[in-house]
Amino acid sequence: MVDHIVEYLAANGISHLFGVDGANIEDLYDAAYFRDDITAVLAKHEFSAATMADGYSRSGARIGVVAATSGGGCLNTVPGLGESLASRVPVLALIGQAPTTLDGRGAFQDTSGDNGSLDAYALFSAVSVYCRRVLTPADILTALPEALAAARTGGPAVLLLPKDVQQAEVACVDGGRGNGRAHGSVYPAKAGVHFGDPQVLEQALRRADGTITIIAGEQVARDDARAELERLRATLRARVATVPDAKDVAGTPGLGSSSALGVAGVMGHPGVPVAAGQSALCLLVGTRMTVTARAGLDSVLGSVPTYSIGAQVPYPSCTHVHSGDLRESLTQLARALSGTGRPTQVRVPDHLPRTELRPPDHHGPGIRYRDAMAVLDADLADGTDIVVDAGNVGASAIHYLPARRDGRFMVALGMGGMGYSFGAGIGMTFHRASDAATTGTARRTVVIAGDGSFFMHGMEIHTAMQYRLPITFVLFDNHAHAMCVTREQLFYEDRYSYNRFGPSRLGAGLAAMFPGLPAYDVADVGQLPRALGMALDTDGPSVLSIECSADEIPPFAAFLAADSAHSKPDDPSNPEENRTHVTARA
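Residues numbered from 1 in each chain as written. Predicted model: local features only at pLDDT ≥ 70, side-chain atom pairs only at ≥ 80, totals over all residues. Heavy atoms only, no water.

With respect to the overall build of the protein
Condition: Numbered from the N terminus, helices here are DSSP runs of H or I no shorter than four residues, and strands are runs of E no shorter than two. Three labels apply to residues, based on accessible area from a 1.4 Å probe with only protein chains included: buried if under 20% of the type maximum, exposed if over 50%, partly exposed otherwise in between. For this analysis, residues touch if any pair of their heavy atoms sits within 4.5 Å. Calculation of accessible area relied on Shrake-Rupley with a 1.4 Å probe; when residues are assessed, cover is drawn exclusively from the protein chains displayed.
Each helix and strand in the protein was counted, giving 24 helices and 20 strands. The buried share of the protein, reckoned over its 586 residues, is 57%. For the protein, long-range pairs separated by at least 24 residues make up 75% of all intrachain contacts whose partners lie at least 6 apart in sequence. When the accessible surface of the protein is summed, it comes to about 22,700 Å², and 51% of that surface belongs to carbon and sulfur atoms.

Some remarks on helix α16 (residues 369-379)
Operational definition: Directions from the helix axis toward the C-beta atoms define the arc.
Looking at α16, one finds that the buried residues are Tyr369, Ala372, Met373, Val375 and Leu376. Down the axis, α16 shows its buried residues gathered within 155 degrees of arc, on one side only. Tucked inside the fold, the buried residues of α16 contact α17 (392-400), β17 (445-450), β18 (471-477), α21 (482-491), α23 (528-536) and β20 (542-547).

A few points about the environment of Val285
Of note, Val285 is situated in strand β12 (residues 281-285). Spatially, the C-alpha atom of Val285 lies 6.0 Å from that of Gly310, the residues being 25 residues apart in sequence.

Observations concerning unusual backbone geometry
Look at His479: it is not a glycine, yet its phi comes out positive at around 55 degrees. With respect to the secondary-structure elements, His479 resides in the loop between β18 and α21. Judged by its relative accessible area of 16%, His479 falls in the buried class. Not every positive phi belongs to a glycine, and Glu493 is a case in point at roughly 60 degrees. Structurally, Glu493 can be placed in the loop between α21 and α22 (506-513). The exposure class assigned to Glu493 is exposed, which follows from its relative accessible area of 56%.

Focus on the environment of Ala561
Counting through the fold element by element, Ala561 comes out in helix α24 (residues 557-567). Measuring from C-alpha to C-alpha, the distance between Ala561 and Leu490 comes to 9.9 Å, with 71 residues separating the pair along the chain.

A short note on the sheet that holds strand β3 (residues 64-68)
This is how it is decided: DSSP calls a pair of strands paired once it identifies at least 2 bridges connecting them. Orientation is described by lines fitted to C-alpha atoms, with helices fitted over the stretch in contact, and by angles between N-to-C directions that extend from 0 to 180 degrees.
With parallel pairing, six strands are arranged side by side in an open sheet as β2-β1-β3-β4-β6-β5. Only two strands of the sheet have a single partner each, and these edge strands are β2 (39-42) and β5 (130-133). Each strand of the sheet is rotated relative to its neighbour by a mean of 20 degrees, with strand direction disregarded. As paired elements, strand β4 (residues 91-97) and strand β6 (residues 156-162) share seven bridges and run parallel to each other. Within the sheet, the bridge partner assigned to Gly96 lies in β6 and is Leu161.

Focus on the pattern of salt bridges
If the charged atoms of two oppositely charged side chains come close together, the side chains can form a pair. The line we're drawing: Take a side-chain nitrogen of Lys or Arg and a carboxyl oxygen of Asp or Glu: if they are within 4 Å of each other, that pair is a salt bridge.
Tallied over the entire structure, the rule returns 25 salt bridges. Close ionic contact of Arg35 with Asp37 constitutes a salt bridge, the shortest N to O distance being 2.9 Å. Looking at Asp37, the relative accessible area reads 36%, which means it is partly exposed. Glu202 is the partner of Arg206 in a salt bridge, and the nearest nitrogen-oxygen pair spans 4.0 Å. Taken as a pair, Arg206 and Glu202 lie in helix α9 (residues 199-207) at a separation of four residues, close to a single helical turn.

Considering the pairing of β4
The buried count for β4 comes to seven of seven residues, which makes it a mostly enclosed element. Residues of β4 alternate between two faces, with Val91, Ala93, Ile95 and Gln97 on one and Leu92, Leu94 and Gly96 on the opposite face, all of them buried. Looking at chain direction, β3 and β4 are connected through five bridges and run parallel. Directly across from Val65, in β4, lies its bridge partner Leu92.

Some details on the environment of Thr472
Position of Thr472 among the secondary structure elements: in strand β18. The exposure class assigned to Thr472 is buried, which follows from its relative accessible area of 0%. Once residues within four sequence positions are removed from consideration, Thr472 is found in contact with Arg444, Thr445, Val446, Val447, Ala535, Leu536 and Ser542.

Focus on the packing of helix α1 (residues 2-11) against helix α7 (residues 140-152)
Defined as follows: Here a crossing is taken to be left-handed if its near helix is turned anticlockwise relative to the far helix by less than a right angle, and right-handed if that turn runs clockwise. Only Asp, Glu, Lys and Arg are considered charged, only Ala, Val, Leu, Ile, Met, Phe, Trp, Tyr, Cys and Pro nonpolar, and every remaining residue, Gly among them, polar.
Where α1 meets α7, the closest approach of the two axes is 11 Å, and the angle between their N-to-C directions is 35 degrees. Note that α1 runs across α7; the crossing there is right-handed. Within the contact between the two elements, α1 uses His4, Ile5, Tyr8 and Leu9 and α7 uses Ile140, Leu141, Leu144, Pro145 and Leu148. Classifying every residue of the contact of α1 with α7 by side-chain character gives eight nonpolar, one polar and no charged.

Topic: the nonpolar core
Put simply, the rule reads: Remark: nonpolar core denotes a set of buried residues (Ala, Val, Leu, Ile, Met, Phe, Trp, Tyr, Cys) joined through side-chain atoms within 4.5 Å. Source of the domain bounds: an automatic or database domain assignment.
Grouped together as the largest cluster of nonpolar side chains are 50 residues, with contacts concentrated most on Phe124, Ile461, Phe473 and Leu475. Each of domain 1 (1-167) and domain 3 (369-565) contributes no fewer than three residues to this core. Ala395, Val411, Ala531 and Ala562 belong to the second-largest nonpolar core, a separate cluster that totals 48 residues.

Describing the packing of aromatic side chains
Heads up, the rule is: Ring pairs are drawn from Phe, Tyr and Trp, using the six-membered ring of Trp, whenever the two centres fall within 6.5 Å, and their geometry is named by plane angle: stacked under 30 degrees, edge-to-face over 60, tilted for the rest. Two conditions define a charge sitting above a ring: the NZ of Lys or the CZ of Arg must be within 6 Å of the ring centre, and it must be within 35 degrees of the ring normal.
The final tally for this structure, using the stated rule, is 12 aromatic pairs. The rings of Phe422, Phe454, Phe455, Phe473 and Phe501 are connected pair by pair, giving a single aromatic cluster. The ring of Phe409 is capped by Lys247, whose NZ or CZ atom sits 4.5 Å from the centre of that ring.

A few points about the confidence of the model for the protein
In plain terms, the rule: Every residue is assigned a pLDDT by the predictor, reflecting its confidence on a scale from 0 to 100.
Mean pLDDT over the protein stands at 89; residues scoring 70 or higher make up 89%. Low pLDDT (under 50) marks residues 569-586, which in the prediction has 30 contacts with non-local residues, meaning those over four places away or in another chain.

Quick word on the sheet that holds β17
The six strands lie next to each other as β16-β15-β17-β18-β20-β19, forming an open sheet whose pairing is parallel. Of all the strands in the sheet, the pair left with one neighbour each is β16 (409-411) and β19 (519-522). Neighbour-to-neighbour, the strand axes of this sheet turn through a mean angle of 15 degrees, independent of strand direction. Bridge analysis of strand β15 (residues 385-388) against β17 gives four bridges, and the strand direction is parallel. Paired with Ile386 across the bridge in β17 is Val446. Helix-sheet contacts for α22 involve β18, β19 and β20, and the interaxial angle to β19 is about 165 degrees.

Thoughts on α17
The buried fraction of α17 is high, at nine of nine residues. Residues Asn392, Val393, Gly394, Ala395, Ser396, Ala397, Ile398, His399 and Tyr400 constitute the buried set of α17.

Re the side chain of Lys163
Note the threshold: For this analysis, a polar contact is any N or O atom pair within 3.5 Å, provided that within protein one partner can donate a hydrogen and the other can accept it, and provided that sequence-adjacent residues contribute only side-chain to side-chain pairs.
As for its placement among the helices and strands, Lys163 is situated in helix α8 (residues 163-167). Polar contacts involving the side chain of Lys163 include one to the main-chain carbonyl oxygen of Ala23, which spans 2.8 Å. Apart from residues lying up to four places away in sequence, Lys163 is in contact with Ala23, Asn24, Glu26, Asp27, Gln97, Ala98 and Pro99.

Have a look at this one:
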């Protein structure tokens, strides 16, 4: 059966699977070994393998595959799959299980659910859009196509594969034995795509009397609909903002995209709700507008006529048109609104300068977040892919660091799991390397993470070394879970701290651990440009560790509101914590 699985995946354009080998998944790795069109990548931890599949998918590969063995191995994939579910990222998880002959009989790592054992089906059903336990070899003929089709609708699909079933032969459609293709030699290239009726949206846009603001989301990136979004924007003469995890879909400010307003939400730019509030109509494109993305916009979206197009219905109340493929839908919409159908009352928006949140000045030791991002902005080339982790550093990168022209800017805010960026950056780089082999265009990935995230999953740097991937890991070392330190200061009167670490020298330490790895420690902003240049000017992976301060408040709206409240303790209009910013309470 495993030969059938890898053949089917390869026929569907999947060239990589990510995982950690083990007894109850080793047959799949064995099958992959004998194929030239499938690369099985060994991660250091199954969480990172799941985020590799997630990052691989988000980078434009359409679907990522993670493989894990039974027991603790498969349990480690759950938070990664949770991120893919929350962010609607197409991922296929192949989960090994103990042989069915031992179900409910006390087998090591039994997850059959029988006789009091852990029920893997119940567990994985909660973090997937599709879950099926394959109990006979013939089941794979329907289960695998169903799983891929379900994943392509947005989210993880899980196949639970007992070891004895993996090892069994699959009957061919002609009744013989062999790899057993589900439909002869024909493989489905893409699941069916469904569209709603766009007429209500066309009519609303034609009636709009004033400026239009578009808020673009992660589905634009997933469907690679950037050019189509720009064509629609030009047709409507609209302004475009993005949600945090779609920062790269609206172009690069100052480089032909002066209509780009910046990022919406709790880490975003204050000009976005101002522009939206002045609009005749707001159009949400490919986003559900989570609290992280819509903080500061709830009242605007409640008062301005708001419409949506995309695969998921947004959380704010609005008129929604379903689209499973934004490239096609936005092309049709722009065509319908061109020529004689072009809206006659839309207006070219006035210039609205991009504004920034204003954290309080900080004069402690280390390099300021804003200064470090300015150096990165000056030195990162066009085409560079940026992957950002959670925390104060992530908020600063989202707010201060523009996306690169023709590069992805990726951040996982579905679950916000720390350490996501290490695996996701590796998954993205594998896909980009495959593209480079075809196009001849080499890319570098830059992972931006804090030391807290590094201590959780940073050993995937060794995986980048093993495969000689062009990734630069930029680690902001403030010796703390800094976002938790900020919360202790703002919401618990700084009475204590559970979240500060002892000092570390991550660059020197990693250079000693991994011979041949270029790694640098920087504590002065004047040294940063040269060190960054050396880190970027290498063929394989590199590390740059930047000393910063856990006491600097990042550009994060909920923290700034709380800081203002502390500065005016007797003002009832300044609550201690803005309860609508629930992301700040995580």
